[in-house]
Amino acid sequence: MPSVISTLHTFDTVYSADSVEWCPHPPYQHLFVCGTYQLADGEESLTSGNSGTKTRKGRILLFSYDLQHDSLAHEQTIDTPAILDQKWHPKSAQLAVVTARGEIQLYAVREDTQQLSHVESLRIPPEDVDCEQLTLALDWSNDGNRAAVSDSRGGVSIVSIEEQGMRHLHRWKAHSFEAWTCAFDRADQNVLYTGGDDTLLCTFDIRCLESPAARLRNKSHGAGVTSLLSLEGHLLATGSYDDCLRIFDTRAMKSSLTEFNVGGGLWRIKPNPGRPHQLLCACMYHNFSVVSVGEDGRVVALDAEYNEHGSICYGCDWSYRGREEGGEARYFATCSFYDHKLCLAVLKTEE
């Protein structure tokens, strides 16, 4: 049956908004964060321009959503350098943030206040001390002991999370231009996928971190590779500036199983927590779309479109609460850039 999306709440983030992450851990599943990036004068994109990092300001906005009373509350604002990406730790209520200052920051939810508290920050060693290097994206390993971080100089780093704190293990040159995205393989944590502005989708074996082995450099994308998502069943979803969602079989990645044009450039892909093959897509210059991928990865169907935003669609994520009896999530948050707009919406199946 067809689905429709209804807006429940909107919020002005003041600064340009580019990421949304909903906490997956009880008892904090009512919490989510929105990351912002205030562009300096003369900048046209997240990584353009030669202005110093001091002019790129950001904020973490913490929200709570009361599902029973349909109430959205802005709980906390944290001033930071401009934010490019955020991810909750897979095992605990800790939030990792990557910024325009070239660092990864770690925050934790305090039990008493249910607000975020800064734990520590770690700067990724720059390729060239005289050149600006932004951290662009991050992903956690399944056990949460490592994080992968990509940067604007085409590099990818592995950071370990230890009792003494975060430690930078190694950085290598993965792409000729910006390394927009990175993702661990969910079935094999020794495999890391990366995507760059050079149009390449790369696969690395990271068992030997001092010399990560490039297993594959896929050239099937028509523009920069901007998003990656490892799915169940040996599937990998990719997004690109060429407007296409691609599904690959990770056992044979020379070509994709299918391509589906979502329009506008695909910046972010988020799986439904209760139905992992249903994907929420941030289609930059078009809208937010919900699509379903067949179990074999060969069929992609459009479930619903969300056209509430009037600017670049960058951030989105599903809530882990409010699922139907079958386990599917229905509530999600989205955000867009120049109109600095955050929306909370619900996906409903028409009778």
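This text follows the structure it describes.
What comes next is a walk through the structure. Please read all numbers here as calculations on a predicted model, not as lab measurements. (Residues numbered from 1 in each chain as written. Predicted model: local features only at pLDDT ≥ 70, side-chain atom pairs only at ≥ 80, totals over all residues. Heavy atoms only, no water.)

### Side note on the pairing of strand S23 (residues 275-283)
Taken residue by residue, a regular strand's side chains alternate between the two faces of the sheet. The element S23 is largely enclosed, with a buried count of seven among its nine residues. Sheet topology places strand S22 (residues 266-272) next to S23; six bridges connect them, and they run antiparallel. Across the sheet, Asn 272 pairs through a bridge with Arg 275, a residue of S23. Once S22 ends, the chain turns through two residues before running back antiparallel as S23. Here S23 pairs with strand S24 (residues 287-293) via six bridges, running antiparallel. What sits directly across from Ala 282, in S24, is Phe 288. (Buried < 20%, exposed > 50% of the residue type's maximum accessible area, 1.4 Å probe, protein only. Helix = DSSP H or I, 4+ residues; strand = E, 2+ residues; numbered from the N terminus. Pairing = 2+ DSSP bridges.)

### Here's the deal with the sheet that holds strand S14 (residues 179-184)
In space, the four strands of this open sheet follow the order S14-S15-S16-S17, with antiparallel pairing throughout. In this open sheet, the two edge strands, each paired with only one partner strand, are S14 and strand S17 (213-218). Here the strands of the sheet are splayed against their neighbours by 20 degrees on average, with no regard to which way each runs. Pairing geometry for strand S15 (residues 191-196) and strand S16 (residues 201-205), over five bridges, is antiparallel. Following the sheet pairing, Tyr 193 is matched in S16 by Thr 203. (Axes fitted to C-alpha atoms, helices over the stretch in contact; angles between N-to-C directions.)

### Focus on the sheet that holds strand S21 (residues 258-261)
In spatial order, the strands read S18-S19-S20-S21; together these four strands make up an open sheet with antiparallel pairing. If you trace the sheet from one side to the other, it starts and ends with strand S18 (225-231) and S21, each paired once. Along the sheet, successive strands turn relative to each other by an average axial angle of 20 degrees, direction set aside. Pairing analysis gives five bridges linking strand S19 (residues 235-240) to strand S20 (residues 244-249), with the strands arranged antiparallel. Within S20, the position partnered with Gly 239 by the bridge is Leu 245.

### Let's talk about unusual backbone geometry
Of note, the amide linkage connecting Pro 26 to Pro 27 takes the cis form, showing an omega dihedral of 0 degrees. The topology assignment puts Pro 27 in the loop between strand S2 (17-22) and strand S3 (31-36). The residue Thr 199 is not glycine, and still its phi comes out positive at about 75 degrees. The phi dihedral of Asp 243 is positive, around 80 degrees, even though this residue is not glycine. Mapped onto the elements of the fold, Asp 243 is located in the loop between S19 and S20.

Distances and angles like these do not, on their own, reveal function.
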